[in-house]
Amino acid sequence: MKPTTTQESLLHLDYMTLLVFLRLYEFQSGKLTAESFNVPQSKISRCLSRLREAFDDPLFIKKVSGLEITDKSQRLYPILKRIEINHIDLAQEIDKSIETLNSEIVIHAPSGFTNGVLRKLYNCQCNNACMKPCVKSAVLQDNGANDEEMLLNSHCDIVITCNPSIHVGIQSQKICEVTDTFVVARENHPIWDEMYKPILDRVLNYPVILTEVLHFNSELEATPLKQFADSRQRELLVAAKTNNLNEISDFLVGTDAITLVVSQGAVDYLTHDDNIRAQIVPRKEREELMRNKPNMTLYMQTRKSERKLSECVKNKIAELITTGANGCIKACQFER
C-alpha cells in the first residue's frame, strides 16, 4: 500500500538515505557522493529513488555540468541538515555518557564501615545479563563537613552519612540502622579481667579513644559515652579523637587506652591484629548507653541527576556498607 502522507513516507527512509540526500546536495555529484561513503554508485542511485518516492519530487536532475537542484531540495536541505547535526550531538552525548559510566566512582563514608568494600565491590558481578564487574575503579574517602557541596559539584558520587539530605538535588536512601557497640582494647588489657563489673563502668576507668562519625558523635558532648559518663557522675578521660582505624590500632597496642566502635567492619579490621581483642556490649548496657541518643542510621546520598551509577552499583554498595555495619548475618536488614 502506497504511503498517503509525508510522515508515512518518511517511515521508510533510514538515516543513511538522508545522508545521501545531503551529500548529493553538497557535492552535486553522484560519483563524489559514492566515494564519500565508499559504496558503489548503484547504491546511491537506489537511495535517490527512495528519496524521490518519499518526497514525490525528482530532487536532483542530471545535467552535463552536474546535478541540478530542484526547489523542493532547496527547502529540504536546511531541515535535513539539522537532523544530521542533532544526530552528531546525540552520538557525542552517548560517548560522554559511556565514558562517565566507566570512570572512577568516588565514595565518601565513615572509615569504620568500609572495611573491604573496595575489594568486594571490584569482585561483584552485575545482576543483569552482562555479568561484568559492577565497578572498574573506585576511591573511598572519609566524610567531610562539605560532603553535600562536593556531591552536588560532582567531586564525589556517593556519600554515606548519618543524616538524610534535605537538598532538592540530592536523593537520600536509608541503608541500615546500626544496632551493636563493641569495646576494643589490647589483648592483655586489665579491663578483660574485671568480669564481675558491667563492661561500660569498666570502660570509664581508662583513657578512651573516641571514634568519630561525622554528624553523630563528632562533638564530645554528643557522644553516647560522654552522656553515659555524665549520668554516672564520672569523668570521661579522652586520650584521642580519630576515625582512622590505623591510628586507633596503634593507640590500642601501645597504651592503656580503649575504644568503642559500632561497626562489625571496624571490629574485623582492628582484631585482625592478634594483640587486639573486642567484646560486644550486652544489650541492656547498650540500651543504657544509648538512652539519650537514637541508634545511628546510615543513608546513601546521590545526585538526583546521577547518570554514572547503575541501580546494580548503588544496591551493591548499600549492601556492602550494611555488611560492614552489622556483619553478614544482619545484611538482610538492607532496605532497597
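In what follows, the structure referred to is the one given above.
In short, a report on the structure. Owing to the predicted nature of the structure, the values given are computational and were not obtained by experimental measurement.

### Observations concerning helix α13 (residues 311–326)
Between its first and last C-alpha atoms α13 spans 22 Å; for 16 residues at 1.5 Å apiece the expected length is 22 Å, and the two agree. Within α13, 14 of the 16 residues are buried, which leaves the element mostly enclosed by the surrounding structure. At the exit of α13 stands G327, carrying a positive phi of roughly 85°.

### Topic: the environment of V159
Within the secondary structure, V159 sits in strand β5 (residues 158–161). Classification of V159 by relative accessible area gives buried; the value is 1%. On a C-alpha basis, the gap between V159 and M300 in space is 5.7 Å, while along the polypeptide they are 141 residues apart.

### Details of empty space enclosed by the protein
If a probe as big as a water molecule is rolled over the atoms, it shows which places are left empty. Taken as a whole and assessed by the stated rule, the structure comprises two cavities of 30 Å³ or more. Estimates place the volume of the second largest cavity at around 40 Å³. Surrounding the second largest cavity, P224, Q227, F228, S231, E288, L289, R291 and N292 form its lining. Taken together, the elements giving at least two residues each to the lining of the second largest cavity come down to α9 (224–231) and α12 (283–289). Here the lining of the second largest cavity is composed, by residue class, of three nonpolar, three polar and two charged.

### Side note on the environment of V178
For V178, the position within the fold is in the loop between β6 (170–177) and β7 (182–186). Sequence separation between V178 and P294 is 116 residues; the distance between their C-alpha atoms is 10.0 Å.

### Let's talk about the pattern of salt bridges
A side chain of one charge can pair with a side chain of the opposite charge when the charged atoms of the two come close. Per the counting criterion, the structure on display carries 14 salt bridges. A salt bridge links E84 to K81, with the nearest nitrogen and oxygen atoms 2.9 Å apart. Pair noted here: E84 and K81 are both in helix α5 (residues 71–101), with a separation of three residues, about one helical turn. Given a relative accessible area of 23%, K81 falls into the partly exposed group. Salt-bridge contacts for E311 lead to K314; the nearest nitrogen and oxygen are separated by 3.0 Å. Highlighted residues: E311 and K314, both in helix α13, separated by three residues, approximately one helical turn. Since its relative accessible area comes to 10%, K314 is described here as buried. What emerges from the salt-bridge pattern is a single network uniting R23, E26, K81 and E84.

### Some words on the pairing of strand β3 (residues 105–109)
Within β3, five of the five residues are buried, which leaves the element mostly enclosed by the surrounding structure. Alternating residues of β3 divide into I105, I107 and A109 and V106 and H108, and every residue in both groups is buried. Note: β3 against β5, two bridges, orientation parallel. The partner of H108 across the bridge, within β5, is V159.

### Observations regarding α9
P224, L225, K226, F228 and A229 are the residues of α9 that are buried. Tucked inside the fold, the buried residues of α9 contact α8 (199–203), β8 (208–211), β10 (258–261) and α12. Remark: Q233 follows α9 within two positions and exhibits a positive phi of approximately 55°.

### Overview of the sheet that holds β5
The five strands lie next to each other as β4-β3-β5-β12-β6, forming an open sheet whose pairing is mixed. Whereas interior strands pair on both sides, the edge strands pair on one side only; in this sheet they are β4 (138–142) and β6. Averaged over all pairs of adjacent strands, the angle between their axes in this sheet comes to 20°, without regard to strand direction. Examined bridge by bridge, β5 and strand β12 (residues 297–303) share three bridges and lie antiparallel to one another. Looking at β12, one finds that T161 is bridged to Y299. Along the sheet face, α13 touches β3, β5, β6 and β12 and points at about 35° away from the line of β6.

### Details of the nonpolar core
In terms of nonpolar packing, the biggest core is built from 24 residues, with I107, I160, I175, L298 and I317 touching the most fellow members. Elements with a contribution of two residues or more to this core: β3, α6 (117–123), β5, β6, β12 and α13. With six residues, α13 is the largest single contributor of residues to this core. Leave out the neighbours within four places in its chain, and I160 touches I107, H108, A109, P110, N143, I175, Y299, M300 and I321. In this structure, L13, I44, L59 and F60 belong to the second largest nonpolar core, which totals 23 residues.

### A look at the sheet that holds β8
The five strands are arranged β9-β8-β10-β7-β11 in an open sheet whose pairing can be described as mixed. What marks the edges here is a single partner per strand, and that holds for β9 (238–242) and β11 (276–280). Each adjacent strand pair in this sheet contributes to an overall mean axis angle of 25°, direction not counted. Both β8 and β9 contribute to a ladder of four bridges, which runs parallel. From the neighbouring strand, L210 faces β9, where its bridge partner is K241.

What counts, and at which threshold
- Residues numbered from 1 in each chain as written.
- Predicted model: local features only at pLDDT ≥ 70, side-chain atom pairs only at ≥ 80, totals over all residues.
- Heavy atoms only, no water.
- Helix = DSSP H or I, 4+ residues; strand = E, 2+ residues; numbered from the N terminus.
- Expected span 1.5 Å × (residues − 1).
- Buried < 20%, exposed > 50% of the residue type's maximum accessible area, 1.4 Å probe, protein only.
- 1 Å grid on protein atoms, 1.4 Å probe; cavity = no way out; pocket = protein on both sides within 12 Å on 5 of 7 lines; lining within 4 Å.
- Points joined across faces, edges and corners; volume = space filled by probe spheres on them.
- Nonpolar A, V, L, I, M, F, W, Y, C, P; charged D, E, K, R; others polar.
- Salt bridge = Lys/Arg side-chain N within 4 Å of Asp/Glu carboxyl O.
- Pairing = 2+ DSSP bridges.
- Contact = heavy atoms within 4.5 Å.
- Axes fitted to C-alpha atoms, helices over the stretch in contact; angles between N-to-C directions.
- Core = buried A, V, L, I, M, F, W, Y, C linked by side-chain atoms within 4.5 Å.

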